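# Understanding the architecture of this molecule
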Amino acid sequence: MSTAAPRRVLILCQLDDYANRLKPLQVERFLRERGHQVVLADTYRLSRASTARGSLGARLPAPTPRRLALYATEAAGALLVGRWPTGRRFLSYYLLLADHRLRRAILRSALPLDAFDLVICEDPYDAGALTAVGSARTLYDCPTPWADELRYEGRLTVRQHHRLRRREAALFEQVDHLAFHWDSYARYAVTHYGISGRNLLTLNFGCTPSAERARFADRPRIVYLGSLGSRFIDLPLLSRLAERYPHIDVYGGPPPDPRLGLNYRGYARQPDVLREYQLGLVTCTQDELRRDGFSAKHLQYFAHGLPVLVPAWRRHLEELPGSVPYTESNFLSAVTALAEEPRWRRLSDLAYAQARRLAWDQTLRPLESLLADLPPRIR
């Protein structure tokens with residue numbers, strides 16, 4: 001239990017089927033266990049008539065003007081931008097701004113934002129709601145610098161990117177507290193966005209170390225786990241690696257193009273499937289954001305004692321012992337070296353020790369100090 005007085009905390013988040021759901025749920029658990037009152041608002045289906053997944057209502061728009069408009073905006077993004085490369089590049093910006101403004105208006109009217117001591121946002125789509133908060137303190141726990149991510153995903157022109165980056169930098173400065181899902185993103189934002197960093201808080205992603213670790217095998221099986229729907233994943237690279245080493249299983253979604261030749265195993269409902277492998281795999285593009293980036297799957301692999309194969313162009317790997325850098329040309333030799341049991345066990349021990357250091361109750365500890373230092377509210 002926390003020694004701080006109980007606080008009221010609102011968490012705005014989108015609980016999708018991938019890593020985006022992990023941190024908000026852990027933040028909620030962490031704060032509840034310390035006696036705080038927590039409301040978790042899942043906005044993943046904010047425009048829908050029902051939040052129940054798989055129901056008829058989940059596929060229909062909510063019968064209010066703003067939510068109908070949000071539904072139309074999301075549908076346009078999926079149907080027009082998602083399937084039309086030119087539209088993806090030139091129209092995404094306007095749909096994103098509309099989505100952002102509508103979500104801010106809906107959340108402002110639907111939630112008593114100032115009835116809380118702290119409002120936390122875990123998703124860029126809802127981050128505009130933080131500017132509608134009056135007396136409560138705000139924490140934007142940003143997954144990744146959004147404008148640059150969208151630019152590298154091919155969804156913005158150069159001019160649109162500059163505009164969105166200015167808007168995002170202004171938001172970074174406006175909130176009371178700013179964190180990123182990994183500290184290297186904070187350094188990136190200071191360098192590339194030119195923000196002051198005066199309100200930065202370290203609140204890194206974490207993991208839940210497994211009670212049962214992976215076991216050695218002299219023909220290592222490699223697992224790739226995670227979303228398969230973004231360009232930064234670099235699915236062509238994953239496909240070429242699978243050609244070089246056939247013992248790579250891929251879990252996640254949406255299902256990849258069969259022409260990639262991946263050994264796709266569907267969506268892994270339980271992370272314990274990782275115990276069946278000897279190595280975890282990360283792939284990513286070589287743009288500046290991903291060079292300084294972070295993958296949540298990296299820690300999930302560590303949590304099961306898996307050494308992790310990471311592209312050599314990703315920086316700051318010295319901060320994650322148990323990582324094995326690779327290039328496309330030396331991938332096979334990197335895997336072969338890990339077929340030697342002493343080397344594998346040494347790296348597995350490093351990975352698992354790192355997972356214990358990055359357990360959620362450790363990485364989320366700065367929230368205790370933040371809440372303890374909040375000024376008393378006038379009720």
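Preceding this section is the structure that the text describes.
Now for a quick tour of the structure. This one's a predicted model, so the numbers in the text were calculated from it and none came from an experiment.

### Some remarks on the nonpolar core
- Tyr 140, Leu 281, Leu 309 and Phe 331 are the most contacted members of the largest nonpolar core, which has 114 residues in total.
- By residue number, the principal contributor to this core is helix H3 (residues 85-110), which donates six residues.

### Some words on the packing of aromatic side chains
- For the structure on display, the rule yields eleven aromatic pairs.
- Ring geometry for Tyr 251 versus Tyr 277: centroids 6.2 Å apart, planes at 85 degrees, classification edge-to-face. On the criterion of sequence distance, the pair formed by Tyr 251 in strand E7 (residues 248-253) and Tyr 277 in the loop between strand E8 (263-264) and strand E9 (279-281) is long-range, its members being 26 residues apart. As far as the burial class goes, Tyr 251 and Tyr 277 line up, both buried.
- Among the aromatic residues, those joined into a cluster by ring pairs are Tyr 140, Phe 172, Phe 180 and Tyr 193.
- For Arg 8, the ring lying beneath its charged end belongs to Phe 116, and the centroid distance is 4.6 Å.
- It is Arg 165 that lies over the ring of Tyr 193; its NZ or CZ is 4.9 Å from the centre.

### Structural notes on the pairing of strand E1 (residues 8-13)
- Burial of E1 is extensive: five of the six residues sit out of reach of the surface.
- Relative to strand E2 (residues 37-42), E1 is paired through six bridges, and the arrangement is parallel. Looking at the pairing, Ile 11 lines up with Leu 40 of E2.
- Judged from the four bridges that link them, E1 and strand E3 (residues 118-121) form a sheet pairing that is parallel.

### As for the environment of Arg 89
- Its place among the elements puts Arg 89 in helix H3.
- Judged by its relative accessible area of 38%, Arg 89 falls in the partly exposed class.
- Through-space distance from the C-alpha of Arg 89 to that of Gln 160 is 9.6 Å; in sequence the pair is 71 residues apart.

### Considering helix H6 (residues 183-193)
- If you check which residues of H6 are buried, you get Ser 184, Tyr 185, Ala 186, Tyr 188, Ala 189 and Tyr 193.
- Tucked inside the fold, the buried residues of H6 contact helix H4 (146-152), helix H5 (158-174), strand E5 (177-180) and helix H8 (288-291).
- Directly after H6, the chain includes Gly 194, whose backbone phi takes a positive value near 70 degrees.

### Digging into the sheet that holds E9
- With parallel pairing, six strands are arranged side by side in an open sheet as E8-E7-E6-E9-E10-E11. Looking at the sheet topology across the chains shown, the edges are occupied by E8 and strand E11 (323-326).
- Across two bridges, E7 lies against E8 in parallel orientation. Among the inter-strand pairings, Val 250 is bridged to a residue of E8, identified as Tyr 264.

### Notes on the sheet that holds E2
- Read across the open sheet, the five strands follow the order E2-E1-E3-E4-E5; overall the sheet is parallel. The sheet is open, and its two edges are formed by E2 and E5, each paired on a single side. Across the sheet, the mean angle from the axis of one strand to that of its neighbour is 15 degrees, orientation sign disregarded.
- Docked against the sheet, helix H1 (residues 22-33) engages E1, E2, E3, strand E4 (137-142) and E5, running at close to 165 degrees with respect to E2.
- Of the strands in this sheet, E4 and E5 touch H5, which is tilted by about 135 degrees from E4.

The rules behind the values
Residues numbered from 1 in each chain as written. Predicted model: local features only at pLDDT ≥ 70, side-chain atom pairs only at ≥ 80, totals over all residues. Heavy atoms only, no water. Core = buried A, V, L, I, M, F, W, Y, C linked by side-chain atoms within 4.5 Å. Buried < 20%, exposed > 50% of the residue type's maximum accessible area, 1.4 Å probe, protein only. Helix = DSSP H or I, 4+ residues; strand = E, 2+ residues; numbered from the N terminus. Phe/Tyr/Trp six-rings, centres within 6.5 Å; stacked < 30°, edge-to-face > 60°. Lys NZ or Arg CZ within 6 Å of the ring centre and 35° of its normal. Pairing = 2+ DSSP bridges. Contact = heavy atoms within 4.5 Å. Axes fitted to C-alpha atoms, helices over the stretch in contact; angles between N-to-C directions.

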